[in-house]
Amino acid sequence: MLKEYKYIIVGAGIAGCSTAYFLSKYSDSILLIDRNCDLAQGASGAAGAFLSPLLGKPNKFKDLVTEAIKFSTKFYLENTPKDITNCGVVRIPKNQEDEDKFQSYKPYMDFEYEQMESGYYFDIGSQVNSYNICKVLAKDVEKLFKYEVTNIEKKDDSWIVNNKFKAKNLILTTGADISLIDEDYFNIRAVWGQKIDIYTSTKTTKNYHKECSLSHSTYIDEKNINLTSIGATHHRIDEDLKICNHCLNSFKNESSYSKQRAKEDCEKLISLANDIKVLEDVEVCDIKIGPRASSLDYFPMIGQLIDSKTTIEKYPHLVNGSHVKDEMLINFDNLYVLNGVGGRGYVLSPYLAKNLVENIINKSEIKAEIKVHRMFKRWVKKSKITK
Ligand SMILES: Cc1cc2nc3c(=O)[nH]c(=O)nc-3n(C[C@H](O)[C@H](O)[C@H](O)COP(=O)(O)OP(=O)(O)OC[C@H]3O[C@@H](n4cnc5c(N)ncnc54)[C@H](O)[C@@H]3O)c2cc1C
């Protein structure tokens, strides 16, 4: 007998938890599944979880990040006030070229700033507690951990998950692991990275960003020391996407993510952080790693998945590069994704989840630049060349 839900969400990182939060306003029949033993054990557990503005000349990606950071900052302050520290961020140019760029961006700043120390202070900058945020967002939905989804299939008008669960709607928020999606146009690159927490006698009152991010510190009374995070490194490596932060357990167990890499990343991060502020009596107290899920054009991908085979069968001329209208694309009924949030998952996810849920429930439009459809359209046009 299949257990039935109205919605099943696969993946309990910030994308899945944000989706669970907005969906729970409409339904009490939601199951959130993850193969890890808890929430936020993939990329979401590794994030320094800084919310920092994107600087630059006007473009659609910057507009998206600006809209999302405004939305998410307000959202976290209202819904998870204990887990956001809105203490601002000082952006420090890393060299003269960077400083020149900053000067050229001045007419296009989306947020107030002032010159401070050797950089520019933006009071929009925040840091959130990644695990606690996910916990609060997913609190009202049923959760199933240590459960790997290996099979999804459509039967009648429902999605069957591992032949065990049945749901009218299935939402995949699986981050860098897109093995459940058998569609060539849906592509994600994993960009692995490491964040560390350190004890230091140096107090820091704001967040900083130069070549790495250094967080404000929290004073730990019983140790008479400050706790500070430093993030993050970037590696485009082919790694086992099932590695999670819990199973690493501070690298006590052997894992394919090499201890040598972790050690080198610690040294690198401490050295980059010292270039921002000299940190005294440093002791690394936690290491987290994770794969950022980056789309090919760096924009996120949300909405219904397109069934490429059925679409092309119905409109074979699409592969000759004909113009493709969204209405022509045939979706998999009630199969949705929220993915490709890259290095800004905590900035983008609440904003995107709100958009996705409004689309699912109220059929509201999703902007073209964040809709899955664009990936199919580009892919199908290219398939003419490769044919
Ligand atoms: C080192 C580092 C630092 C970062 N710093 C920041 C930052 O400062 N600010 C910021 O906004 N973002 C930051 N990010 C990016 C942010 O962490 C990601 O964008 C975000 O966590 C992605 O969330 P997600 O939910 O899409 O993916 P994930 O958190 O990876 O969640 C996906 C989940 O899906 C589960 N899953 C996958 N397949 C299956 C399956 N078949 N069955 C069951 N479960 C499955 C996985 O176990 C995983 O838990 C950082 C990332 C890294 C790695």
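Rules behind the numbers
- Residues numbered from 1 in each chain as written.
- Predicted model: local features only at pLDDT ≥ 70, side-chain atom pairs only at ≥ 80, totals over all residues.
- Helix = DSSP H or I, 4+ residues; strand = E, 2+ residues; numbered from the N terminus.
- Rg over C-alpha atoms; globule rule 2.2 N^0.38 Å.
- Buried ≥ 20, exposed ≤ 12 C-beta atoms within 10 Å, placed from the backbone.
- Near = placed C-beta within 6 Å.
- Nonpolar A, V, L, I, M, F, W, Y, C, P; charged D, E, K, R; others polar.
- Domains from an automatic or database assignment.
- Contact = placed C-beta atoms within 7 Å.
- Pairing = 2+ DSSP bridges.
- Expected span 1.5 Å × (residues − 1).
- Arc of directions from axis to C-beta.
- Core = buried A, V, L, I, M, F, W, Y, C linked by C-beta atoms within 7 Å.
- Right-handed = clockwise from strand over helix to strand, strands pointing away.

(A) Broad picture of the overall build of the protein chain. Within the protein chain, the secondary structure is distributed over 10 helices and 20 strands. In summary, the protein chain has a C-alpha radius of gyration of 21 Å against a globular reference of 21 Å for 387 residues, a match within 12%. In terms of principal-axis extent, the alpha carbons of the protein chain reach across some 65 × 50 × 40 Å. Counting over 387 residues, the protein chain shows a buried share of 45%.

(B) Highlighting the site of the ligand. Near the ligand lie 43 residues; those nearest to it are Gly11, Gly13, Gly42, Gly175 and Gly345. Listed by contribution, the elements that provide at least two residues to the shell around the ligand are α1 (14-23), α2 (43-46), β13 (189-200), β18 (283-294) and α9 (345-362). In terms of residue class, the shell around the ligand is made up of 17 nonpolar, 19 polar and 7 charged. Shared between two domains, the shell around the ligand takes at least three residues from each, and those domains are domain 1 (1-49 + 130-188 + 295-387) and domain 2 (194-292).

(C) Highlighting the domain arrangement of the protein chain. On domain assignment, one finds that the protein chain holds domain 1 (1-49 + 130-188 + 295-387) and domain 2 (194-292). Of note, the centres of domain 1 and domain 2, computed from C-alpha atoms alone, are 30 Å apart. Tallying the contact residues gives 15 residues for domain 1 and 15 residues for domain 2. Its residues assigned to classes, the side of domain 1 that touches domain 2 comprises 5 nonpolar, 8 polar and 2 charged.

(D) Molecular detail of the sheet that holds strand β8 (residues 126-128). Strand order in the open sheet formed by 3 strands is β3-β8-β4, and the pairing between neighbours is antiparallel. Strand pairing shows two members of the sheet lacking a second neighbour, β3 (50-51) and β4 (84-85), which therefore form its edges. Sheet analysis places β4 next to β8, joined by 2 bridges and oriented antiparallel. Directly across from Thr85, in β8, lies its bridge partner Gln127.

(E) Local environment of helix α7 (residues 259-274). The end-to-end C-alpha distance of α7, which contains 16 residues, comes to 23 Å, matching closely the 22 Å that a straight helix rising 1.5 Å per residue would cover. When we look at burial in α7, the residues that qualify are Ala262, Asp265, Leu269 and Ala273. Buried residues of α7, seen end-on, are gathered within an arc of 60° and therefore sit on one face of the element. Pointing more than 90 degrees away from the buried face of α7 are the exposed residues Gln260, Glu267 and Ser271. Looking at the buried side of α7, the elements it contacts are β13, β15 (213-214), β17 (225-231) and β18.

(F) Representation of unusual backbone geometry within the structure. Cis geometry marks the peptide bond from Gly231 to Ala232, where omega comes out at -5°. The residue Ala232 is located in the loop between β17 and α6 (245-248) in this model. Positive phi, close to 45°, is recorded for Glu117, a residue that is not glycine. For Glu117, the position within the fold is in the loop between β6 (114-116) and β7 (119-122). A positive phi angle, near 70°, is found at Tyr298, a position not held by glycine.

(G) Fine view of the nonpolar core. Ranked by size, the top nonpolar core spans 102 residues in total, and within it Ile8, Ala20 and Ala138 carry the most contacts. Top contributing element to this core by residue count: α9, with 9 residues. Residue contributions to this core reach at least three from each of two domains, namely domain 1 (1-49 + 130-188 + 295-387) and domain 2 (194-292). What Ile8 contacts, discounting residues up to four positions off in sequence, is Leu31, Ile33, Trp159, Val161, Phe165, Ala167 and Leu170.

(H) Representation of the pairing of strand β1 (residues 3-10). With 7 bridges connecting them, β1 and strand β12 (residues 165-172) associate as parallel partners. By the bridge assignment for β12, Tyr7 is matched with Asn169. Bridging between β1 and strand β2 (residues 30-33) involves 4 bridges; their strand directions are parallel. The residue bridging Val10 from the neighbouring strand is Ile33, located in β2. Of the crossover connections in this fold, the one passing from β1 over α1 to the parallel β2 is right-handed.

(I) Representation of the pairing of strand β10 (residues 152-155) within the structure. Strand direction decides the pairing type here: β10 and strand β11 (residues 158-161), joined by 4 bridges, are antiparallel. Note on β11: the bridge partner recorded for Ile152 is Val161.

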